[in-house]
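Here's the letter readout for the chains.
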Amino acid sequence: MGKAWVFEGSVDTDVLAPGQYMKFGIEEIARHCMESIEPRFAREVRPGDVVVGPRNFGLGSSREQAPAALRQLGVAAVLAPSFAGLFYRNAVNVGLLLLECADCGSIRPDDQIEVDAAAGLVHNRTQGHQITCRALPAHLRSVIEAGGLLPWLEQRMAKGDIPAQTAPRRSARSPADSTPASPPRSDSGAVPDPMPGSASGSTVDATRG
Amino acid sequence: MPRTLTDKLIARACGRETVSPGDLVTCQVDLAMMHDSGGPRRVKPMLERLGAKVWDPDKIVLITDHYLPATDADSRAIQSTTRDWAAQTGVRRFHDGIGICHVVLAEQGHLRPGLFAVGGDSHSPTGGAFGCYMFGIGATEMLGVLVTGEIWLQVPQTIWLEWRGQLGLGLCAKDMMLAMCARLGMDGGRYQSIEYCGETVRALGMQERMTLSNMAAELGAQAGIVEADAVTRDYLLAAGAGAVDIDTWRADPDARPAEHHVFNASTLVPQVAAPHSPANSASVDQQGEQVLDVAYIGACTGAKLVDLRMAAQVLRGRRVANGMRLLVGPASAQDQAQAQAEGTLSALIDAGAELLPNACGACAGYGAGRFDDGIRVIASTARNFKGRMGAASSRIWLGSPYTVAAAAVTGRITDPRLLLDRYADDAAGVERPYQRVHERTDHG
Ligand code: SF4
């Protein structure tokens, strides 16, 4: 359980991870998270707290430091009526729980909130009611539960789902710098290859260990 | 069943005959573009932690642009990490310091119709101008692509944004884009796939089409595609990409997109977006005669050769207003060389422009060229979020290269048509430049 931080207006990636701190590590970026709209946030947010935001939350750049900064600060979940698509993908990849919930506008600052991701439910202990959210697809939940894409890949590699590669694969053809590499496609069937002339030798993989 | 171009591109990439919006599919990636900010400095430690190598170095394009020029130790370390990784990994398509990634990717001939591509940058939809499906991802997701060569995707709906009629003097793709941002909003794209179409779009050159695709990001779409045609083919031939197939990758004319919006180019007037959102766009005369400090012609969105030419058209024989600074950062070295050869660059410099390196510069406020407290900027870039170019108290207006150049001359927001020779006072804009034709939410 944690308390709610409610943001209105617009929360974009420059607010979450300001450009001028992008060259630093995530600890430093997180210290400036939201500072242009709520300077108290990064200092006072506690692990388990929940961020409640406006629709299209996280619009803007592809920088995954935006969701990563929230995770770094210990934010348990972000609730919003909708999320920017790129932010959504990045949040899954860094293991930050997002819940799309149309009715989160009823949550007030400092309300005590408990989130049940598997059931897609948000309990508002202060107001004494619960809100239903859109359930996450199982595949995405498994990535978030693993802690993000990196530990998820690690688990899959440990299980042997993905082979650890001893040498990089390389297309047999040697494209000049200005010539795009050829896609080694064997399954395109009747669908024309966008790179005609690249087929010969492109599926040969002599170097794979 | 007739299909949109989006459906065809994704079906090929996931190896299926057909796909339907909403399907979760796994696609094979033909090309992965990274830059110095989200690239090696982020993925290398993760690859090492996994003990994994990249799936195919020949499908990677690496470009440096964000932390250039490397004026401090941090930026220099990022640059050397990037170079070393390219050498160790065997990435041969490494373009170091020759311009902004989205522009360099195109001019070096790496894109072609039919590709399924990802880029480690939110403006990666730019590649869609070449009839590719290209979208932006973050660094961790890029790691997944580098290790597996695959990426999951929820098949998007298709949104047709059609433009009819002819653009008037002093108008360009940037005005079209800002008008669409105002009308549809920054989540109007709903993370679905936009296909720009219609006679106005077909009449645009490649770099103008790239501006449309680039700012699909500002509409909140995943991709922004323009069907390939002879214009695409000629550009790619000149870029050394060789013969390309422009016949296969077309939308079926009787396909039914989820949404279809029609805009009228002939009634469009120059657009300016007020702080702090591209969706705060309105016609230039509605933004008042806002006084400004800096005019910035920069970024992948607004400093390509075609953009420099537009600015030069306004600035030739004129001077920057007293108290104003005009900054110009050509998007690539190649575009700058051409601008120099043809006299475009000297028109800008003679007018008083300060030339910046071929890099992202102040666009993202990362390093070089950050703006201080309270500075009022008009820029040809894509985004004017609060604090994007520096201090949170700086304010950014967005306009076309024509409009930014006109502001440089007058020191305030100005209709660029007043400074262009053949201005005819007939663009009163009485008709709303927008009409909704039909909308469907199913794809049956
Ligand atoms: S110029 Fe600006 S919008 Fe373009 S890639 Fe660089 S930072 Fe992003």
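Every value quoted in this text rests on a predicted model; they were computed, and no experiment measured them.

**Thoughts on the nonpolar core**
Within the largest apolar cluster, 114 residues are counted, with the highest numbers of intra-cluster contacts made by A:M34, A:F41, A:F57, A:L70, B:W85 and B:L146. Counting the residues that make up this core, at least three belong to each of domain 1 (5–246 + 254–265) and domain 2 (272–428) of chain B. Ignoring any residue separated from it by four or fewer positions in sequence, one finds A:L70 in contact with A:L16, A:C33, A:M34, A:F41, A:V51, A:F57, A:V75, A:V78, A:F87 and A:L96. In this structure, B:I100, B:L292, B:C300 and B:V328 belong to the second largest nonpolar core, which totals 43 residues.

**Quick word on the pairing of strand β4 (residues 93–96) of chain B**
Residue and element names in this part refer to chain B. Alternating residues of β4 divide into R93 and H95, all buried, and F94 and D96, none buried. Of the strand pairs in this sheet, strand β3 (residues 60–64) and β4 are connected by four bridges, and their pairing is parallel. Note that in β4 the partner of L62 across the bridge is F94.

**Focus: the site of the ligand**
Taken together, the residues surrounding the ligand are B:H66, B:I100, B:H102, B:D121, B:H123, B:A299, B:C300, B:C360, B:C363, B:A364 and B:R388. Within the shell around the ligand, the residues separate by chemical class into six nonpolar, three polar and two charged.

**Some words on the interface of chain A and chain B**
Frequently, the measure chosen for interface size is the accessible area removed from exposure when the parts meet. Facing 56 residues of chain A, the contacting portion of chain B comprises 72 residues. Roughly 5,600 Å² is buried in total at the junction of chain A and chain B, and carbon and sulfur atoms are behind 52% of that figure. On inspection of chain A and its partner chain B, the count reaches six salt bridges. Ionic pairing is found between B:D72 and A:K23, a salt bridge with its closest N-O pair at 2.6 Å.

**Notes on unusual backbone geometry**
Note that the residue after B:L68, namely B:P69, is joined by a cis bond; omega there is -10°. On the secondary structure map, B:P69 appears in the loop between β3 and α3 (73–89). Put simply, B:P275 and B:H276 share a cis peptide bond, and its omega is -5°. Mapped onto the secondary structure, B:H276 falls in the loop between β12 (271–273) and β13 (281–283). Although it is not a glycine, A:N56 adopts a positive phi angle of roughly 60°. Here A:N56 shows up in the loop between β2 (50–52) and α4 (65–72). With a phi angle near 60°, B:Y191 is a residue other than glycine that sits in the positive phi range.

**Focus on the pattern of salt bridges**
Tallied over the entire structure, the rule returns 32 salt bridges over all chains. Note that B:E162 and B:R164 form a salt bridge whose closest N and O atoms lie 2.8 Å from each other. B:R209 is paired through a salt bridge with B:D229; the nearest N and O atoms lie 2.8 Å apart. Within this pair, whereas B:R209 is found in helix α8 (residues 206–214), its partner B:D229 is found in the loop between β10 (223–226) and α9 (230–238), the two being separated by 20 residues in sequence. We classify B:R209 as buried; its relative accessible area is 1%. Judged by relative accessible area, B:D229 falls into the buried class, the value being 14%. Because the salt bridges share partners, they merge into one network encompassing A:D14, A:R63 and B:R388.

**Re the domain arrangement of chain B**
Residue and element names in this part refer to chain B. Here chain B is described as being made up of domain 1 (5–246 + 254–265) and domain 2 (272–428). For domain 1 and domain 2, the distance between their C-alpha centroids amounts to 24 Å. Opposite the 35 residues of domain 1 that make contact, domain 2 presents 41 residues. Buried surface at the junction of domain 1 and domain 2, both sides included, amounts to about 3,000 Å², of which 65% is carbon and sulfur. Summed over the three residues of domain 1 that lose the most area to domain 2, namely I100, L169 and Q207, the buried surface amounts to 21% of that side. Connecting domain 1 to domain 2 are one salt bridge. One can count 14 residue pairs in polar contact (both at pLDDT 80 or more) joining domain 1 with domain 2. Elements represented by at least two residues in the side of domain 1 that touches domain 2 include exactly α4 (101–107), α6 (173–184) and α8. In the side of domain 1 that touches domain 2, the residues fall into 17 nonpolar, twelve polar and six charged.

**What about the sheet that holds strand β7 (residues 129–132) of chain A?**
Adjacent strands of a sheet form backbone hydrogen bonds with each other and so pair up, either parallel or antiparallel. Residues and elements named next belong to chain A. In space, the seven strands of this open sheet follow the order β4-β3-β2-β1-β5-β6-β7, with mixed pairing throughout. A single partner strand is all that each edge strand has here, and the edge strands are β4 (98–100) and β7. With direction set aside, neighbouring strand axes in the sheet form an average angle of 30°.

**Description of the packing of aromatic side chains**
Scanning all chains against the criterion turns up twelve aromatic pairs over all chains. Their ring planes at 90° and their centres at 5.1 Å tell us that A:W5 and A:F41 sit as a pair that is edge-to-face. Placement of the pair is A:W5 in strand β1 (residues 2–6) and A:F41 in helix α3 (residues 41–44), with a sequence separation of 36 residues. Each member of the pair, A:W5 together with A:F41, is buried. Their ring planes at 15° and their centres at 6.4 Å tell us that A:F83 and A:F87 sit as a pair that is stacked. The buried category is assigned to A:F83, whose relative accessible area is 10%. A residue is classified by how much of its surface remains accessible, and A:F87, at 1% relative accessible area, is buried. Ring-pair connections join several aromatic residues into one group, and the members of that group are A:F57, A:F83, A:F87 and A:Y88. It is A:K3 that lies over the ring of A:W5; its NZ or CZ is 4.7 Å from the centre. One Lys or Arg, A:R89, reaches over the ring of B:W152 and ends 4.0 Å from the middle of that ring.

Reading the values: rules and limits
Each chain has its residues counted from 1, following the order in which its sequence is written. Here every chain gets a letter starting at A, and every ligand a number starting at 1, in the order they are written. Given that the model is predicted, a residue must reach a pLDDT of at least 70 before its local features are reported, and side-chain atom pairs must reach 80 or more before they are shown or counted; all residues, however, enter totals for whole chains, interfaces and linings. Water and hydrogen atoms play no part in the side-chain values, which are based on all heavy atoms of the structure. By nonpolar core is meant a set of buried Ala, Val, Leu, Ile, Met, Phe, Trp, Tyr and Cys residues that side-chain atoms within 4.5 Å join together. For every residue, the accessible area (1.4 Å probe, protein chains only) is compared with the maximum for its type, and the residue is labelled buried under 20%, exposed over 50%, or partly exposed between those bounds. For each domain, the first and last residues come from an automatic or database assignment. A contact between two residues is defined here by any heavy atoms of the two lying within 4.5 Å. By definition, any uninterrupted DSSP run of H or I lasting at least four residues is a helix, any uninterrupted run of E lasting at least two residues is a strand, and each is numbered from the N terminus. Strands are treated as partners if at least two bridges between them are detected by DSSP. Each residue is tested against the molecule or strand, and it is near if at least one of its non-hydrogen atoms lies within 4 Å. Each residue is assigned to one class: nonpolar for Ala, Val, Leu, Ile, Met, Phe, Trp, Tyr, Cys and Pro, charged for Asp, Glu, Lys and Arg, and polar for all the others, Gly among them. Buried area: the accessible area, evaluated with a 1.4 Å probe, that two parts lose upon being put together, summed over both parts. Only one rule defines a salt bridge in this text: a Lys or Arg side-chain nitrogen within 4 Å of an Asp or Glu carboxyl oxygen. Here a polar contact is taken to be a pair of N or O atoms separated by no more than 3.5 Å, where protein atoms must pair a possible hydrogen donor with a possible acceptor and residues adjacent in sequence count only if both atoms sit in side chains. Helix axes are fitted to C-alpha atoms over the stretch in contact, other axes to C-alpha atoms as well, and angles between N-to-C directions run from 0 to 180 degrees. Aromatic contacts are taken between Phe, Tyr and Trp rings whose centres are within 6.5 Å, Trp giving its six-membered ring; a plane angle under 30 degrees counts as stacked, one over 60 as edge-to-face, and the others as tilted. Any Lys NZ or Arg CZ found within 6 Å of a ring centre and within 35 degrees of that ring's normal is scored as a charge over the ring.

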